[in-house]
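Chain residues, written in single-letter form:
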Amino acid sequence: MKVLEVWQRWCRRFPKSGELAIAPRGTTAPESLPARWQTYCQRLMAYEGWPWLIPFLISGATLMTATAWLLVLPPLPDCRHPGLIMSDGDRLYCADQAALHGNLPSLAHAIETVSQWPEDHPLFPQAKRRVDEWSAALLVIARQQLSQGNIDLATLLLKKIPTMAAGYSQAQELLTATNAGEGGNLLATAEAALRQQDWGLALLQVKLMNQLGTDYWREQAQKLLVRISQEQDAWVQLVQARDLAAWLTANELAEAVMLALKIPPQAVVYSQAQADIRRWIPEVFTYAEERLAAGDREGALALIEKIAPALDVSYHNRPIVILGQAKALAAKGTVLGYWEAIARGQQIPSTDPFYGAAQTYLKTWQQQLRNQQHLQWASWLASSRLRWGYALAIAQARQVPLGQPERGQAQGLIALWQRDLRTIDEQPLLHGAIALAQQKEYRAALTVLNHFPPNAVLARVVANYRDDWQAKLEEIEDRPILDRAIRLAQQGKLEEAIQTAEQIGRDRALYREALNKIWQWDYELSLRQRQQVPPPTPWWESAPPAPKRPFERAAEPESISPATPTPEVTTPAPTPAASSTSTPTPETTIAPASPSPTPEATAVPMPIPVQPPLAEPAPTATP
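Since this is a predicted model, take the numbers as computed values, not measurements. (Residues numbered from 1 in each chain as written. Predicted model: local features only at pLDDT ≥ 70, side-chain atom pairs only at ≥ 80, totals over all residues. Heavy atoms only, no water.)

Regarding the overall build of the protein chain
Thought 1: Secondary structure summary: the protein chain contains 26 helices and zero strands in total.
Thought 2: The burial tally for the protein chain puts 30% of its 623 residues in the buried class.
Thought 3: A separation threshold of at least 6 residues defines the contact pool for the protein chain, and within that pool the share at least 24 residues apart is 57%. (Helix = DSSP H or I, 4+ residues; strand = E, 2+ residues; numbered from the N terminus. Buried < 20%, exposed > 50% of the residue type's maximum accessible area, 1.4 Å probe, protein only. Contact = heavy atoms within 4.5 Å.)

This is the structure in C-alpha cells:
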C-alpha cells in the first residue's frame, strides 16, 4: 500500500489534462518532464485495473534475476575454511587443489572420502580418474621417503591408497617389501655379521636384498655394501695398529696410536680402537719420560708431538703436552695454526725445563706468522687482477726475509704476479691487432704483432694469430691469380692457366690448392695431345717380309757398301711400321722384298758368284 501511495503522490505533481485545457494559451507544462510522459501518467492513474500490473512486474524481475544466476559462474568454494555443509563437487574440487599444492594430509583425506562413494554416484567417474592420479602421486612420494629411510611415513602413505586405484597392486607389493619381513630380517642379519666381522655373510645379505625386486631394498643394499667396505677398512687399520704396537717401541706405539685414531666413530670397531689408544698412550709417555731423563728433550718432545691429537683433557696440564700440541698446530702452516701454537706456548711457566725451548719456538712461530700474514695479504691484493693490486702484492711478498721457509713460496708468487703484470701490459697491443684483423686489415695487424718481443708472455698466442692472419693475407693476395688461372682453364687455355698458377710460391697459403689445379690441367692437356696424334698401324696390317733366297748369305751391317746397288739387291727404305714390327739382328738378317723387276732387267739374268764363307766362330742365336 505504501508503494501505491508513493506512486499516486508522485503522479499528482503533474497537472491533469483538464487543467492543461483551461490554462492560458501561453502556459506550458514544467520543463523538467515532457508533456507526453504526463499524459501517460494521467491515463495510468485513471485506469482502475492498474494494480494487476504489479504481479507481472515482479515475475519479470524474478525471471531476470534467475537468468543472471544461470549465466554468471557460481563462486568457488573456500577450501581453506571448509564448512559443515559442502557438496560432493566442492569436496572433489578442494581435494584436487590440495593435490596440486602437495598437501599430503588433505590429499590423503580426499582419497579416503572419495573412495567411499558408490559406483552409482554421479561424480564417481571423475572421482575414479582423480583417485588414480592422486594414488600415483602418493606412490611416488612414498618411494622418495623410502629412499630417504623414512619407512614409517612411506608405510602410512602406501596404506592410504584405496583398492579402486590403478596403483593399488604396486602399493601392496612395495608395502609388503617395506615391512620388517624378509628385507628387515636380511638387514638385521647383515648388521649382526658386521659386528662379528663376517664379511662373507654380510655380502650374501646384500645379494639377497637386491633380489627382492624393489627400489628401496636395492638402495639399502647399496648403502650396506658401502658400509661393509668402510668396516673392512676400519678393521684393517685396527689390525695394522695392533701389529705396530706389538713391537713395543716408542715410534711404533706412536704410529699405532695415530693409525687407530683415524678409525671413524660410526665403525663397529671404534670402541675397540679407543680402548687400545687409551692403553698405548701411557706407554708412549713412559718412553718420553725415559728420553727426558736421559737429557733428550727434543726426542721426548717429538714423541709427544706425534700423539698430540689423541691426547684428552687429562693430559693438557703437562708442559710437555702443551708444547707438543703447540708444535703440532704450528706444523699446519696456517695463520690460525700459528696463533693457537703461540697461545699454547705462552702457557708454559718460566720454572719449567721446557721454558727455554718454548721461547725459541715462540720466536720462530711469530716470524712464520708474520710471513704467512704477508703472503695472505699479498694473495688477497693479487686477487683484484688489477695493476695496483699486483704491485702491492709483490711488495708484500718481498717482505718475507731470506732464509725463511716461506721465502720460496713468496718467490714463486712474485714470478707469477710479474707474469700477470706483463700480460696486462701486452693485452692492449694484442687487442688492437685483433681489432684491425676484424676489419680485414691483416697487414696492419701483422705490423702490430711485430712489436711483441720474442720472450713475451703472450708469445704463443701472438704466434697463432700471426700464422692465421698471414695465411688470410696470402689468400687475399693470391686468390686473384688463381681465379685468373681458373678462367683461362675454362676457356681452354690450359698451358697459360698452368703458367699463371705456377706464380704462386711454395710457401704461400694457396699453394696446395694451386698445385691440385695444375695437376688436373696437366692431365687434361696430356689427354688433348693424345687425341691429336694418329694411332699407330697395327702389326697385322704391315707388309709381310720377303722369303730368303737359297744360298744367299746375309750381309753384315758393317760390310754394306754405300755404292749404288744392283736391281737384285736394291731394297726400299723400311717404313716405320715394318721397323717397329721386326728388327733384324746381324746374324739373322732377312732381306726385304725387292721391287717388281722390269722386262729389261729380266731378259738376261746375270748369275751371282757365291763365295764360300770364311772360317768364323759359330754365331750365337739371339733369344
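Quick notes on the packing of aromatic side chains
Thought 1: Taken as a whole, this structure holds three aromatic pairs when the rule is applied.
Thought 2: Look at tyrosine 361 and tryptophan 365: their rings are 5.6 Å apart centre to centre, the planes differ by 15°, and that puts the pair in the stacked class. In this pair, tyrosine 361 and tryptophan 365 are both assigned in helix α18 (residues 355-382), four residues apart and thus about one turn of the helix distant.
Thought 3: Owing to a relative accessible area of 5%, tryptophan 365 belongs among the buried residues under this scheme.
Thought 4: Here tryptophan 377 and tryptophan 380 contribute two aromatic rings whose centre-to-centre distance is 5.0 Å and whose plane-to-plane angle is 20°, an arrangement assigned as stacked. (Phe/Tyr/Trp six-rings, centres within 6.5 Å; stacked < 30°, edge-to-face > 60°.)

Considering the environment of glutamate 255
Thought 1: Along the chain, glutamate 255 turns up in helix α13 (residues 250-261).
Thought 2: Exposure remark for glutamate 255: the relative accessible area of 41% places this residue in the partly exposed category.
Thought 3: A C-alpha to C-alpha distance of 8.2 Å links glutamate 255 and alanine 245, two positions ten residues apart in sequence.

Structural notes on the confidence of the model for the protein chain
For residues with low pLDDT, the predicted coordinates do not support detailed interpretation.
Thought 1: Considering every residue of the protein chain, the mean pLDDT works out to 74; 71% of them sit at 70 or more.
Thought 2: Mean pLDDT across the secondary structure elements of the protein chain bottoms out at helix α25 (residues 576-581), with 38, and peaks at α13, with 89.
Thought 3: Long-range and interchain partners of residues 16-33, a stretch whose pLDDT sits below 50, account for nine contacts in this model, where long-range means more than four residues apart.
Thought 4: In the predicted structure, residues 551-623 sits below a pLDDT of 50 and forms 30 contacts with residues beyond four places in sequence or in another chain. (pLDDT = per-residue confidence, 0-100.)

Side note on the side chain of arginine 407
Thought 1: Mapping arginine 407 onto the fold places it in helix α20 (residues 407-438).
Thought 2: Notably, arginine 407 is buried but unbridged: the nearest opposite-charge side chain belongs to glutamate 406, and the N-O separation is 9.8 Å.
Thought 3: At a separation of 2.6 Å, a polar atom in the side chain of arginine 407 contacts the main-chain carbonyl oxygen of valine 400. (Lys, Arg positive; Asp, Glu negative; His and termini not counted. Salt bridge = Lys/Arg side-chain N within 4 Å of Asp/Glu carboxyl O. Polar contact = N/O pair within 3.5 Å; in protein donor to acceptor, adjacent residues only side chain to side chain.)

Some words on a nonpolar patch on the surface
Thought 1: On the surface, a nonpolar cluster with roughly 210 Å² of combined accessible area is contributed by Leu201, Leu204 and Leu208.
Thought 2: The residue leucine 201 is located in helix α11 (residues 199-210) in this model. (Patch = residues over 30% accessible without salt bridge, like charges linked within 9 Å, V, L, I, M, F, W, Y side chains within 5 Å. Areas by Shrake-Rupley, 256 points an atom, 1.4 Å probe, with all protein chains shown as cover.)

Some thoughts on unusual backbone geometry
Thought 1: Positive phi outside glycine occurs at arginine 385, with the angle close to 60°.
Thought 2: Of note, arginine 385 is situated in the loop between α18 and α19 (387-397).
Thought 3: On the basis of relative accessibility, which here comes to 59%, the residue arginine 385 falls in the exposed class.
Thought 4: Phi at lysine 440 is positive, roughly 65°, even though this residue is not glycine.
Thought 5: With respect to the helices and strands, lysine 440 occurs in the loop between α20 and α21 (442-449).

Quick word on helix α22 (residues 459-490)
Thought 1: When the terminal C-alpha atoms of α22 are compared, their 45 Å separation across 32 residues agrees well with the 46 Å that a helix rising 1.5 Å per residue should span.
Thought 2: When the local axis directions of α22 are compared, the greatest deviation, roughly 40°, occurs at aspartate 478, which is followed within four positions by the proline proline 480.
Thought 3: Among the residues of α22, those classed as buried are Val462, Trp469, Leu473, Glu474, Asp478, Ile481, Leu482, Ala485, Leu488 and Ala489.
Thought 4: Glycine 492 sits one or two positions beyond α22 and adopts a positive phi of about 90°. (Expected span 1.5 Å × (residues − 1). Bend = angle between axes of the 7 residues up to and from the residue.)

As for the packing of α22 against helix α24 (residues 511-532)
Thought 1: Following both chains from N to C, one finds α22 and α24 inclined at 15°, their axes separated by 11 Å at the closest point. Between α22 and α24, the angle is such that the two are roughly parallel. Crossing geometry of α22 relative to α24 is assigned as left-handed. Each of Arg479, Leu482, Ala485, Ile486 and Ala489 in α22 lies in contact with α24, whose residues at this interface are Glu513, Ala514, Lys517 and Trp521.
Thought 2: Of the residues belonging to the contact of α22 with α24, the class tally is six nonpolar, no polar and three charged. (Axes fitted to C-alpha atoms, helices over the stretch in contact; angles between N-to-C directions. Parallel < 35°, antiparallel > 145°, perpendicular 65-115°, else oblique. Left-handed = near helix turned anticlockwise from the far one by under 90°. Nonpolar A, V, L, I, M, F, W, Y, C, P; charged D, E, K, R; others polar.)

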